[in-house]
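# Reading the structure
Residue-level listing of the chains:
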Amino acid sequence: MRRLYYLSCTIFICLMSACKQDSGNFEKQVEISDASAPQSEAAPPPPPPPGEVSPKEVKDEANVEIKLIKTGTLEFETSDLGSTYQRIRNAAQTNAGFVSNESTANEYDRIVQHLTIRVPSRNFDPLVTAISKGVKHFDTKNIEAVDVTEEFVDAEARLKTKKQVEQRYQDLLKRANKISEILEIEKQIGELRAEIESIEGRLRYLSNRVDYSTLDIRFYKKVAEHRVVEENRFGRAFRNGWDGMVSFLIGLTSIWPFLIIFGVGGYFFWRRWRKK
């Protein structure tokens, strides 16, 4: 009985030692396999948080050409209208500009000339500088640049999208068999074509305003106030006298039959009165 007890204890101890050794070997194998396993690829960087711009977007924005519409207004006094006019025309020609509008007006105490010049945008500042030489004081000098880049890019994007839709309608039109389908597709194409032409017209207008800047120039020469007043009074009096004479002659012409009757009657009356 005692032998059986010792034998059971010995077997139990052996089994426990074997289990402990197997567990240690298993842990070593796991460590070796973990060490020899290939490292997983690095996770991609997280997207930029809201409010930040990715490098690609920054690059795209950097490539967008800035579209500016430049306009200006100049007004000043001069002592010689003729020489100032010629100097402005020469400055416009030197900077590849042209006069789109000009006018002359006689005001109460001054003679005013107005010029509108269209000039390539790159020459706008040199033109303003050339015209400003010799001007002691500007009554008005206003230079403005309006950024239309966003509107220009938006119009180009809408134009591209509508042309793509129009092309898809054209493809559908080629495959359409029913008259109703053909008519409906042609209607859609017509509406798209009208929108496309409208956008193209707007782009042409913006391109023209961007490529050519506009400069309005108003210069004047003062004259003696009393001289202007006297000239105006004399002119009005002469015109009134001429108008009165013309009206009188027209009135006589309209009653010529009565003039003949009264004239003949008066002549005979005068003859009879003289004989007496």
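Basis of the calculations
Residues numbered from 1 in each chain as written. Predicted model: local features only at pLDDT ≥ 70, side-chain atom pairs only at ≥ 80, totals over all residues. Heavy atoms only, no water. Helix = DSSP H or I, 4+ residues; strand = E, 2+ residues; numbered from the N terminus. Expected span 1.5 Å × (residues − 1). Buried < 20%, exposed > 50% of the residue type's maximum accessible area, 1.4 Å probe, protein only. Contact = heavy atoms within 4.5 Å. Phe/Tyr/Trp six-rings, centres within 6.5 Å; stacked < 30°, edge-to-face > 60°. Lys NZ or Arg CZ within 6 Å of the ring centre and 35° of its normal. Salt bridge = Lys/Arg side-chain N within 4 Å of Asp/Glu carboxyl O. Axes fitted to C-alpha atoms, helices over the stretch in contact; angles between N-to-C directions. Parallel < 35°, antiparallel > 145°, perpendicular 65-115°, else oblique. Left-handed = near helix turned anticlockwise from the far one by under 90°. Core = buried A, V, L, I, M, F, W, Y, C linked by side-chain atoms within 4.5 Å.

Another aspect to go through is helix α6 (residues 179-211). Between its first and last C-alpha, α6 extends 47 Å over 33 residues, near the 48 Å set by a 1.5 Å rise per residue. Along α6, the positions that sit buried rather than exposed are I185, I189, L192, I196, I199, L203, L206 and V210. The inward-facing, buried residues of α6 abut β1 (68-77), α5 (149-175) and β5 (212-222).

Here the focus is unusual backbone geometry. One non-glycine residue with positive phi stands out, namely A96, at about 60 degrees. Secondary-structure assignment places A96 in the loop between α3 (81-94) and β2 (98-106).

Applying the stated criterion across every chain yields a total of 3 aromatic pairs. Centroid distance F76 to F219: 6.0 Å. Interplanar angle 15 degrees. Geometry classified as stacked. Of this pair, F76 sits in strand β1 while F219 sits in strand β5, placing them 143 residues apart in sequence. Above the ring of F152, the side-chain terminus of K67 is found at 4.7 Å from the ring centroid. Here the guanidinium or amino end of R110 rests over the ring plane of Y220, the centre of that ring lying 4.1 Å away.

Take the pattern of salt bridges next. This model, assessed by the stated rule, comprises 11 salt bridges. Residue K67 pairs with E65 through a salt bridge whose shortest N-O separation is 3.6 Å. Its relative accessible area of 16% is what places K67 among the buried residues. Note that D154 is salt-bridged to R158, the shortest N-O span being 3.1 Å. Here the residue D154 and the residue R158 both occupy positions in helix α5, the gap between them amounting to 4 residues, near one helical turn. Exposure remark for R158: the relative accessible area of 38% places this residue in the partly exposed category.

Right, let's get into the packing of α3 against helix α4 (residues 124-132). Between two packed helices, what matters for the description is the angle formed by their axes and the separation of those axes. The contact between α3 and α4 brings their axes to 10 Å, and the two run at 160 degrees. Here α3 is positioned roughly antiparallel relative to α4, judged by the angle of their axes. Here α3 runs over α4; the crossing is right-handed. Along the contact surface, α3 presents R87, I88, A91 and A92, while α4 presents L127, A130 and I131.

Let us look at the nonpolar core. Counting 19 residues, the largest nonpolar core has F76, I88, L127, I131, L215, I217 and F219 as its most contacted members. Of all the elements in the fold, those that place two or more residues in this core are β1, α3, β3 (110-120), α4 and β5. Ranked by residue count, the leading element in this core is α3, at 5 residues. What L215 contacts, discounting residues up to four positions off in sequence, is G72, T73, L74, L115, T116, I117, F124, L127, V128 and I131. Formed by 10 residues, the second largest nonpolar core is a distinct cluster that contains F152, I199, L206 and V210.

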